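The chain contents come next:
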Amino acid sequence: MLDKNGIAKRIAKEVKNGYYVNLGIGIPTLVANFVRDDIEVEFQSENGVLGMGPFPFEGEEDPDIINAGKQTITTLPGASFFDSAMSFSMIRGKHVDLTILGAMEVAENGDIANWKIPGKMVKGMGGAMDLVASAENIIVAMMHTNRAGASKLLKRCTLPLTGVGCVKKIVTNLAVIEVTPEGFKLLERAPGVSVEQIEDATEGKLIVEGEVPEMVL
Amino acid sequence: MINKKVPGVIEALEGVSDNMTLILGGFGLSGIPENSIAQLVKLNVKGLTCISNNAGVDDFGLGLLLQQKQIDKMISSYVGENDEFERQMLSGELEVELIPQGTLAERCRAAQAGFPAFYTPAGYGTEVAEGKEVREFDGKMHVLEYAFKADFGFVKAWKGDTAGNLIFKGTARNFNPNICGAAKITVAEVEELVPAGELDPNQIHIPGIFVQRIFQGALYEKRIEQRTVRQRN
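This is a predicted model, so every value here is computed, not measured. (Residues numbered from 1 in each chain as written. Chains lettered and ligands numbered in written order. Predicted model: local features only at pLDDT ≥ 70, side-chain atom pairs only at ≥ 80, totals over all residues. Heavy atoms only, no water.)

Student: Looking at this model, I keep getting lost on the packing of aromatic side chains. Mind explaining?
Tutor: Residue and element names in this part refer to chain B. Under the criterion given, the structure shown has two aromatic pairs over all chains. Taking the centre distance of 5.7 Å and the plane angle of 5° together, the rings of F152 and F154 count as stacked. F154 shares its class with F152; the two are buried. Just above the ring of Y220 sits the side chain of K156; from NZ or CZ to the centre is 5.1 Å. Above the plane of the ring of W158 lies K159, whose end atom (NZ or CZ) is 4.4 Å from the centre. (Phe/Tyr/Trp six-rings, centres within 6.5 Å; stacked < 30°, edge-to-face > 60°. Buried < 20%, exposed > 50% of the residue type's maximum accessible area, 1.4 Å probe, protein only. Lys NZ or Arg CZ within 6 Å of the ring centre and 35° of its normal.)

Student: I'm lost on the sheet that holds strand β3 (residues 49-52) of chain A in this one. Help?
Tutor: Sheet strands line up and pair through hydrogen bonds in the backbone, either parallel or antiparallel. Residue and element names in this part refer to chain A. The mixed open sheet is built from 10 strands, whose spatial order is β4-β3-β2-β1-β5-β8-β10-β11-β12-β13. The open sheet has two edge strands with one neighbour each: β4 (75-81) and β13 (206-207). Both strand β2 (residues 42-45) and β3 contribute to a ladder of two bridges, which runs antiparallel. Opposite Q44, over in β3, you have L50 as the bridge partner. In the packing of helix α3 (residues 84-92) onto the sheet, contacts are made with β1 (20-23), β2 and β3, and the angle to β2 comes to roughly 125°. (Pairing = 2+ DSSP bridges. Helix = DSSP H or I, 4+ residues; strand = E, 2+ residues; numbered from the N terminus. Contact = heavy atoms within 4.5 Å. Axes fitted to C-alpha atoms, helices over the stretch in contact; angles between N-to-C directions.)

Student: What's the story with the sheet that holds strand β6 (residues 134-137) of chain B in this structure? I'm lost.
Tutor: Residues and elements named next belong to chain B. Spatially, the three strands line up as an open sheet ordered β5-β7-β6, and their pairing is antiparallel. Unpaired on one side and paired on the other, β5 (117-120) and β6 mark the two borders of the sheet. In this sheet, adjacent strand axes meet at a mean angle of 35° when their direction is disregarded. Sheet strands in contact with helix α5 (residues 101-113) are β5 and β7 (140-146), and its direction is about 155° off that of β5.

Student: Would you explain the nonpolar core in this entry?
Tutor: What tends to happen in soluble globular proteins is that the nonpolar side chains get buried as a cluster. Residues V31, I100, V140 and I170 of chain A are the most contacted members of the largest nonpolar core, which totals 51 residues. Counting residues in each nonpolar core, the second largest holds 36 residues, with A55, F60, V79 and F152 of chain B among its members. (Core = buried A, V, L, I, M, F, W, Y, C linked by side-chain atoms within 4.5 Å.)

Student: Sorry if this is basic, but what is going on with the state of the cysteines here?
Tutor: As used in these notes, a disulfide is a covalent bond between sulfur atoms, one from each of two cysteines. Under the definition given, this model contains zero disulfides over all chains. Left unpaired, C157 of chain A is separated from the closest cysteine sulfur, that of C166 of chain A, by 9.1 Å. The buried category is assigned to C157 of chain A, whose relative accessible area is 17%. The thiol sulfur of C180 of chain B is not disulfide-bonded, and the nearest other cysteine sulfur, from C108 of chain B, lies at 10 Å. (Disulfide = S-S within 2.5 Å.)

Student: Teacher, can you tell me more about unusual backbone geometry here?
Tutor: The bulk of non-glycine residues show a negative phi, and the bulk of peptide bonds are trans. For K70 of chain A, which is not glycine, the phi torsion reads 65° and is therefore positive. As for its placement among the helices and strands, K70 of chain A is situated in the loop between β3 and β4. Despite not being glycine, N19 of chain B shows a phi value in the positive range, around 65°. Structurally, N19 of chain B is set in the loop between α1 (9-12) and β1 (21-24). Owing to a relative accessible area of 59%, N19 of chain B belongs among the exposed residues under this scheme.

Student: Mind showing me how you'd approach the pattern of salt bridges here?
Tutor: Pairing is possible between side chains of opposite charge, provided their charged atoms come close. Counted under the stated rule, the structure contains 24 salt bridges over all chains. Residues R189 of chain A and E214 of chain A are paired through a salt bridge, measuring 3.8 Å at the closest nitrogen-oxygen approach. In this pair, R189 of chain A is assigned in strand β12 (residues 183-189) and E214 of chain A in the segment after β13, connecting sequence segments 25 residues apart. Judged by its relative accessible area of 37%, E214 of chain A falls in the partly exposed class. Note that R87 of chain B and E93 of chain B form a salt bridge whose closest N and O atoms lie 3.0 Å from each other. The structure contains a network of salt bridges with shared partners spanning D62 and D64 of chain A together with K156, K169, E191 and K222 of chain B. (Salt bridge = Lys/Arg side-chain N within 4 Å of Asp/Glu carboxyl O.)

Student: Would you mind showing me how to read the interface of chain B and chain A here?
Tutor: Contacts between the two partners involve 51 residues from chain B and, on the opposite side, 48 residues from chain A. Interface area, chain B with chain A, both sides summed: about 4300 Å², of which 58% is carbon and sulfur. Three residues stand out in chain B for area buried against chain A, namely T171, T228 and R230 of chain B, and they jointly supply 16% of the buried area on that side. Applying the counting rule to chain B against chain A returns six salt bridges. In this structure, the connection of chain B to chain A is made through 30 residue pairs in polar contact (both at pLDDT 80 or more). If you list the elements that add at least two residues to the side of chain B that touches chain A, you get α4 (83-91), α5 and α6 (176-179) of chain B. Broken down by element, the side of chain B that touches chain A gets its largest block of residues, six residues, from α5 of chain B. (Buried area = accessible area lost by both parts, 1.4 Å probe. Polar contact = N/O pair within 3.5 Å; in protein donor to acceptor, adjacent residues only side chain to side chain.)

Student: Got a minute to help me understand empty space enclosed by the protein in this structure?
Tutor: Empty space among the atoms can be located by rolling a probe the size of a water molecule over them. Residues and elements named next belong to chain B. What the rule picks out here adds up to four cavities of 30 Å³ or more. Computed from the structure, the largest cavity encloses a volume of approximately 80 Å³. Along the wall of the largest cavity there are 15 residues; nearest its centre are G28, I32, S52, N54 and L62. For the lining of the largest cavity, the per-class residue count stands at seven nonpolar, eight polar and no charged. (1 Å grid on protein atoms, 1.4 Å probe; cavity = no way out; pocket = protein on both sides within 12 Å on 5 of 7 lines; lining within 4 Å. Points joined across faces, edges and corners; volume = space filled by probe spheres on them. Nonpolar A, V, L, I, M, F, W, Y, C, P; charged D, E, K, R; others polar.)

Student: Before we go on, may I ask you to explain the packing of α3 of chain A against α5 of chain B in this structure?
Tutor: Following both chains from N to C, one finds α3 of chain A and α5 of chain B inclined at 125°, their axes separated by 9 Å at the closest point. The angle between α3 of chain A and α5 of chain B places the two elements in the oblique class. In this structure, α3 of chain A meets α5 of chain B at a crossing whose hand is left-handed. The residues of α5 of chain B that touch α3 of chain A, namely those facing S84, A85, F88 and R92 of chain A, are Q101, G102, T103, A105, E106 and R109 of chain B. Of the residues contributing to the contact of α3 of chain A with α5 of chain B, the split by class is three nonpolar, four polar and three charged. (Parallel < 35°, antiparallel > 145°, perpendicular 65-115°, else oblique. Left-handed = near helix turned anticlockwise from the far one by under 90°.)

The structure is reproduced here in structure tokens:
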């Protein structure tokens, strides 16, 4: 079974040379730490920066340079700043190659819910609805089950949706799963995790074909 | 040169009154029009509809207007980090409309550019699209969203000149350029106001035609919401 860093490490293998990547808040943010350093990748933050770098050294924080999580950041050579409409032109116009974000629920038809729990304070969707509606390549990073132990990979989402039929791949603490027209297809198992454990933790239809390999991290 | 300079924040906000719709720049607390917000607090205008990506924190940004119960309705994409906001929202004192961030930016830009409405895929199939016109383009469903209509737009830039030309810095740019020209009157406050001719026309982000009033801002606090640093080895 993987921890959050393990999930991020596995997703980092999906990041290819030449990709522009948008990382959501939470586990997705950790992915940047594990991307191979022999490939060229630029990270986009929807508040208006491409070519995001690491956090600044203490004393070098600039209130005018932050990411979408409102954290102080730095930029790398080749970086650019732009306005919010242009930022979403990059996203809506499919110029961003890969979007990695967290989720509360994903359904076997690719629906995703990650912004609102009825009865609880709603903070808002931020850029999530624009991202999931437009990106061609969306990977969801999340734990396979919620804190109560219930599956987050469902037949149908129960929470208010963020987007419909948009998720292509899911990486959890237990498995790598592809969303297909037939349902959740099990691609890889996390180290030490059995197919049965994954079946037990998946409410939606899980397709298992032949021998399922263990993840290589 | 058409002079857009006004002496200060008092003149810049002349005409702002109760029940108006305002659009304000900023992402979190970065690039917010601090001086204009302070003046709105002083004027104590009520019944406002405020369009802004976020709603500030309890004691800074739009949170200052919320404390005085000046805002009736807030249109934003994300409103966390504000206890007073949460209290007013849950008690029903404050109406809140949450919309996707890209849609918020584009509704500003549409108003600026003279488009009455546009189609976007964002929010299709979710509660955001309820009651809205939808249409299929190239096999994909889209939602019709309308340009904002507002009385005043308040933006913050890094540098500006007396002709109203603006240059922004870093991610403090965010929604500010999209708001210029999106309301009947655009008020720009700048960290450094220079005479027309001193800024390189090649470097202007927003031409002065989109700005009606510009003034030299003062005492910028530029509060950092999430201070994150790394250790030197």
